[in-house]
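Analysis of the macromolecular model
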Amino acid sequence: MADVKTNDLMERIVSLCKARGFVFQSSEIYGGINGFWDYGPLGAELKRNVKDQWWRSMTQQRDDIAGLEATIIMSPRIWEASGHVHTFADMMVECPVTKKRFRADQVEESSGIVYKFSGAKDAAGKASEEAFEVMVPLGKPKESALKVAKQFYQSRGLPAPEPIDAGEPAKVEKSTLYSPDSGARLSDPRPFNLMFKTFVGPIESEDSVAYLRPETAQAIFAQFKNVLATSRQKVPFGICQIGKAFRNEVTPRNFTFRSREFEQMELEFFIRPDEVIEAICGDVAKPTDPGHPGAPQTNWGWQMWHQYWVEERIKFYESIGLPRTTLVEYWQKPEELAHYARATVDILYKFPFGKKNAQGELMGEELEGVAARSDFDLSQHQRFSGKSQGVFDEDLKAGWAKLTPEKQADLTKRYYDTRFKYLTKTDERPDQAERMAKEDAAGLAKGNYIPHVIEPSAGVDRLMLALICNAYAEELAPDEKGKMEQRIVLKFHPRVAPIKVAVFPLLKNRPELVQKAMEVRELLRPHMTVFYDEGGAIGRRYRRQDEAGTPFGVTIDFETLGENGPDQKDTVTLRDRDTMTQIRVNIKDLLAVLLEKVR
RNA sequence: GCGGGUGUAGUUCAAUGGUAGAACGGAAGCCUUCCAAGCUUCAUACGAGGGUUCGAUUCCCUCUACCCGCUCCA
């Protein structure tokens, strides 16, 4: 797709989504609400299919994952343990020039001369009346203050601003009002919490504050022990969940891509720490080649499991119609990683609106993050709840007893070190951390440890948008007279297509055709979504279904009735959406043929 | 949050200080033997609120939504 066309392309996709009933703006009749979107009839079907495919691939297709469905509102302490409250309940100030945010209570003190401006004029006649202050260090000339002021007014829409002085410069000592970056006067402190807040119960007080979950993952951790106790699973195993999450994004953007209310499909896959693997198996398998490492093995360390899940997830995307070439596997750089993450791979899709690299190629936007989160989450909940989140592992206990004392000491030391590092990083006092880490390390001999986790976390709505973008095609197709006309078609994989098959009588003014078509509809209806349509010419009906992404059309014609010979009796035309080719299928074989294609 | 742009039918667009028109789409009917054919009929819109004015979809202000750039995305 040509460069200049990408926005147009996205706009056409958005229009089609509205026109065909995939996506509507939330509360549209009241002017809409920023960052919220509804799914229309076809969108709702598509979404169900996507979630069903994921759920099935996680639970029904394997026996080492259990499902969970937790509430959206949970104890606020969960978000304290996860770090969400801590990170974002703070008052923040912003530098108006660099746009960088600082915690209001952590701005460095600075001293210098403060220059004040009442506004600025532009040679072109534009003006700004917004006041601006900037501090420059003692001894620096006024020019450096002017430079920052010009930057500020440029960001306010004046290309060549002339700032207007507002009184004499003043000397200021040890102030926290100015940006450590630019010297510009910081914004007033304001809370910056991306979690939606609400109150449980009729009284709105500090004691009743609760949050809409900003991710579904924490519920899985919080219910880890319950699932473990009831599901007859043991490590390594996973818990998966699909559900709504809410983030009060600063800027929702790009259609449904970044919404404030969205749905996640998350798996937390719990594994043994590498020290435990080593105690049981004698060694720890690490990745040697890229690509899928095959069926899980007992001696896999966290890196093998991580790679395994990255490849499993990509396989999933391919299975619902996103070609490998549209996906990007992005390994986060060490400085991009969250502090608790050992590695994170983002699986990106090349959305038309996405960023481009220097060569003008789309770099992709995130569909899913596959993170190796160590034992951070369960450890946090253990500390905050005071309830053990560890597991007992018989294989470890048995294996440990067979190790040499040197090996035992070595593994104990390594386990101790990582636990100590975690505990000190999360602000435990050094003597406390030492005591707790020792306890944890001593647990190995008894077969106890806190599992580590690999977290593939996908966004349903983003995936839907990717599927729609990927499916969208504008083609030329011949019309009735053989003239080439544009055809718009959504080439969904039959697995996710909202409507699987459309059934048409060739002509609606022949009762025999209509009657037979209705019979075929009833035949298929228990097994898949079927759409019956008799309005207008047959070609029009095909095109309508093309835009809905319906992969198959079945037409009942005069051959079906046996009017053109007995050998064609009870056969129908099966039309393929993508190739527009038609084959004849006997009605008695139709269901089997279609089920084969849509599964 | 900052700056810029836009908001007229389901979609894409037009016109206008005296309350709006098309194309495509939709519905109904006739017709139609496989890819948006034809004919007839019908329905549907000025994002919201203020202001100026005799009168505002049009001019002004505020809000809101969408798009673009920056920022944000824990």
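The coordinates are above.
Report follows, based on the coordinates. (Residues numbered from 1 in each chain as written. Chains lettered and ligands numbered in written order. Predicted model: local features only at pLDDT ≥ 70, side-chain atom pairs only at ≥ 80, totals over all residues. Heavy atoms only, no water.)

**Considerations on the pattern of salt bridges**
Test applied: Definition used for salt bridges: Asp or Glu carboxyl oxygen within 4 Å of a side-chain nitrogen of Lys or Arg. Any residue under 20% of the maximum accessible area for its type is buried, any over 50% is exposed, and the rest in between are partly exposed; the area is computed with a 1.4 Å probe on protein chains only.
For the coordinates displayed, the defined rule picks out 41 salt bridges. We note a salt bridge from Lys569 to Asp570, for which the minimum N-O separation is 3.9 Å. On the accessibility criterion, Lys569 (43% relative accessible area) is partly exposed. Take Asp570: its relative accessible area is 26%, and that puts it in the partly exposed class. Here the salt bridges share partners, and the residues they tie into one network are Glu475, Arg487, Lys491, Asp546 and Arg575.

**Here we look at the protein's contact with RNA strand B**
Stated formally: Think of it this way: one heavy atom of a residue within 4 Å of a molecule or strand is enough to make that residue near it. Pairing of N or O atoms within 3.5 Å defines a polar contact, subject to two protein rules: one partner must be a possible hydrogen donor and the other a possible acceptor, and residues neighboring in sequence count only if both atoms are side-chain atoms. Per the convention used, a helix needs a DSSP run of H or I reaching at least four residues, while a strand needs a run of E reaching at least two, with both numbered from the N terminus.
Near RNA strand B there are 49 residues, and of these Gln25, Asn34, Arg258, Glu547 and Asp557 occur at the shortest range. Atoms of RNA strand B within 4 Å of the protein: sugar and phosphate make up 55%, bases the balance. Contact distances for RNA strand B include 3.0 Å between a base nitrogen and a side-chain N or O atom of Arg253. Here Met580 contributes a backbone N or O atom positioned 2.6 Å from a base nitrogen of RNA strand B. Of all elements in the fold, only α1 (6-19), α4 (84-88), α16 (538-548) and β27 (571-576) reach the threshold of two or more residues within the surface near RNA strand B. In terms of residues, the surface near RNA strand B owes the most to one element, α16, which gives seven residues.

**A closer look at the sheet that holds strand β24 (residues 501-505)**
Strand pairing in a sheet relies on backbone hydrogen bonds. The paired strands run either parallel or antiparallel. Quick reminder of the rule: Any two strands with at least two DSSP bridges between them are considered paired. For helices, the fitted axis covers only the stretch in contact; all axes are lines through C-alpha atoms, and the angles between them, taken along N-to-C directions, range from 0 to 180 degrees. Should any heavy atoms of two residues lie within 4.5 Å, those residues are considered in contact.
In space, the five strands of this open sheet follow the order β25-β24-β26-β27-β28, with mixed pairing throughout. Whereas interior strands pair on both sides, the edge strands pair on one side only; in this sheet they are β25 (530-532) and β28 (582-586). Across the sheet, the mean angle from the axis of one strand to that of its neighbour is 30°, orientation sign disregarded. Sheet topology note: the β24/β25 ladder contains three bridges and is parallel. The partner of Val501 across the bridge, within β25, is Val530. In this fold helix α15 (residues 511-524) packs onto β24, β25 and β26 (552-556), with an angle of close to 160° to the strand it touches most, β24.

**Regarding the packing of aromatic side chains**
What counts is decided by this rule: When the centres of two rings from Phe, Tyr and Trp lie within 6.5 Å, Trp using its six-membered ring, the rings pair. Their planes under 30 degrees apart give stacked, over 60 give edge-to-face, and anything left gives tilted. Here, a charge over a ring means that NZ of Lys or CZ of Arg falls within 6 Å of the ring centre while also lying within 35 degrees of the ring normal.
According to the stated counting rule, one finds 24 aromatic pairs in the structure shown. Arranged with centres 6.1 Å apart and planes meeting at 80°, the rings of Phe221 and Phe270 form a pair that is edge-to-face. Within this pair, whereas Phe221 is found in helix α6 (residues 217-222), its partner Phe270 is found in strand β15 (residues 261-271), the two being separated by 49 residues in sequence. You'll find Phe221 and Phe270 in the same group, each marked buried. Its guanidinium or amino end placed over the ring of Tyr317, Arg313 lies 5.3 Å from that ring's centre, counting from NZ or CZ.

**Description of the layout of surface pockets**
The following threshold applies: Of the two site types, the cavity is a set of points on a 1 Å grid over the protein atoms alone where a 1.4 Å probe fits but cannot get out, and the pocket is an open set with protein on both sides within 12 Å along at least five of seven lines, each lined by residues with an atom within 4 Å of a point. Grid points are joined across faces, edges and corners, and a volume is the space filled by probe spheres set on the points. Under the scheme applied here, ten amino acids are nonpolar (Ala, Val, Leu, Ile, Met, Phe, Trp, Tyr, Cys and Pro), four are charged (Asp, Glu, Lys and Arg), and all others, including Gly, are polar.
Quantified by volume, the second largest pocket comes out at close to 470 Å³. If you go around the second largest pocket, you meet 18 residues; those closest to its centre are Gln53, Arg56, Arg495, Val598 and Arg599. Mapped onto the lining of the second largest pocket, the elements with two or more residues apiece are α2 (41-60), α9 (302-319) and α17 (587-598). Examining the composition of the lining of the second largest pocket, we find that six residues originate from one element, α2, more than from any other. For the lining of the second largest pocket, the per-class residue count stands at five nonpolar, seven polar and six charged.

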